[in-house]
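Residue-level structure breakdown
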Amino acid sequence: MTLHSLSKPEVPAGRVAPDRGYLRLAAQIHALVAQGEFAAGQRLPAERALAERFDVSRTSVREAIIALELQGVVEVRGGSGIYVCEPDANRPSAMPEAGAGPFELLRARCLIESEIAALAATTRTDADLDRIFEALTAMRDRMTDKDANAEADRRFHLCIAQSTGNSVLLATVTSMWDQARGPVWEKMEQHFHTQALRQASQADHQRIFGALVARDAQEARQAMRDHLERVIGEFAQGWR
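Residues numbered from 1 in each chain as written. Predicted model: local features only at pLDDT ≥ 70, side-chain atom pairs only at ≥ 80, totals over all residues. Heavy atoms only, no water.

Some thoughts on the nonpolar core
- Counting residues in hydrophobic clusters, the biggest one holds 63 residues, and the most contacted among them are Ile29, Leu44, Ile65, Phe156, Ile160, Leu212 and Phe235.
- Top element by residues in this core is helix α4 (residues 102-123). It accounts for 8 residues.
- Mapped onto the domain boundaries, this core takes at least three residues apiece from domain 1 (21-84) and domain 2 (102-236).
- Discounting residues that sit within four places of it in the chain, Leu44 has contacts with Ile29, Phe38, Ile65, Val74, Ile82 and Val84. (Core = buried A, V, L, I, M, F, W, Y, C linked by side-chain atoms within 4.5 Å. Buried < 20%, exposed > 50% of the residue type's maximum accessible area, 1.4 Å probe, protein only. Helix = DSSP H or I, 4+ residues; strand = E, 2+ residues; numbered from the N terminus. Domains from an automatic or database assignment. Contact = heavy atoms within 4.5 Å.)

Rendered as structure tokens:
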């Protein structure tokens, strides 16, 4: 599969291919490179300019640039901009995976997990609180270990979903977290996931936990929403 076919990922017969807008946009930008509008070594227009040109959001541009970076079409230079790479015959011709974009996934989590947190505040048991607190403590103790911290973070959110007593909600949250492991997500984290972000998330999770302890559904909903909106904001900020 070539880069130009990224907008139409293959799917099993009888299933409808998901609309991955950021992959279509990546193909459009790459077409401009292939046509010579942007030469090797040249800096691409700023994200805002690309968003206006293609009539898309800046976060869609961010995801498209990440996709192109994974294929070696562009290079993101922190504090400088996005540059077209020299042609390379060994460049991968296809994305390893065409999953949901990070922002698409985070927005879904913000919507769904906020309501789950509100429900959990009314259904949780003391045993649920013990499991959630264990995950919260593990996150704090493993602050400098990104992978271990991420696993405890995942467990924290899954334990909240489990405390609703609804297996469908637990499966939904599990699925969303499992999708946050693709190459586009990982590359995004390389640029924007820092220990400072983990520390801020720890404070967010402590607030969520406090709302669950107090059985305050409204505060639990707002705390979860604020947490995920902050993460979206971190990933949407300017390139370092």
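Now that the structure has been shown, the text picks up again.
Thoughts on the pattern of salt bridges
- Following the criterion strictly, the structure yields 15 salt bridges and no others.
- Across the pair Glu113 and Arg109 runs a salt bridge whose closest N-O atoms are separated by 2.5 Å. Residue Glu113 and its partner Arg109 are both found in helix α4; the two are separated by 4 residues, about one turn of the helix.
- You can call Arg109 buried: its relative accessible area is 7%.
- Residues joined by salt bridges that share partners form a network here, namely Glu47, Arg58 and Arg62. (Salt bridge = Lys/Arg side-chain N within 4 Å of Asp/Glu carboxyl O.)

Observations regarding the packing of helix α6 (residues 146-162) against helix α9 (residues 195-213)
- Close contact between α6 and α9 brings their axes to 12 Å; oriented N to C, the two are set at 20 degrees. Our classification of the angle between α6 and α9 gives roughly parallel. Between α6 and α9 lies a crossing of left-handed hand. In contact with Lys146, Asn149, Asp153, Phe156, His157 and Ile160 of α6, α9 contributes Arg198, His205, Ile208 and Leu212. (Axes fitted to C-alpha atoms, helices over the stretch in contact; angles between N-to-C directions. Parallel < 35°, antiparallel > 145°, perpendicular 65-115°, else oblique. Left-handed = near helix turned anticlockwise from the far one by under 90°.)

Describing unusual backbone geometry
- Backbone geometry places Asp55, a non-glycine residue, at a positive phi of 55 degrees.
- Mapped onto the elements of the fold, Asp55 is located in the loop between α2 (47-54) and α3 (58-70).
- Residue classification places Asp55 among the exposed positions, given a relative accessible area of 71%.
- Although it is not a glycine, Arg215 sits at a positive phi angle of roughly 55 degrees.

Some remarks on the packing of α2 against α3
- Between α2 and α3, the least distance of the axes is 8 Å, while the angle of their chain directions is 105 degrees. Looking at the two axes, α2 sits roughly perpendicular to α3. Note on element contacts: α3 touches α2 through Arg58, Val61, Arg62 and Ile65, opposite Glu47, Arg48, Leu50 and Ala51.
- For the contact of α2 with α3, the residue count by class is 4 nonpolar, no polar and 4 charged. (Nonpolar A, V, L, I, M, F, W, Y, C, P; charged D, E, K, R; others polar.)

As for the packing of aromatic side chains
- Inspection of every chain in the model, using the stated rule, returns 3 aromatic pairs.
- For the pair Trp185 and Phe235, a centre-to-centre distance of 5.8 Å together with 65 degrees between the ring planes defines the contact as edge-to-face. Of the two residues, Trp185 is situated in helix α8 (residues 183-192) and Phe235 in helix α10 (residues 217-236); the sequence distance between them amounts to 50 residues.
- Accessibility expressed as a relative area gives 10% for Trp185, which makes it buried. (Phe/Tyr/Trp six-rings, centres within 6.5 Å; stacked < 30°, edge-to-face > 60°.)

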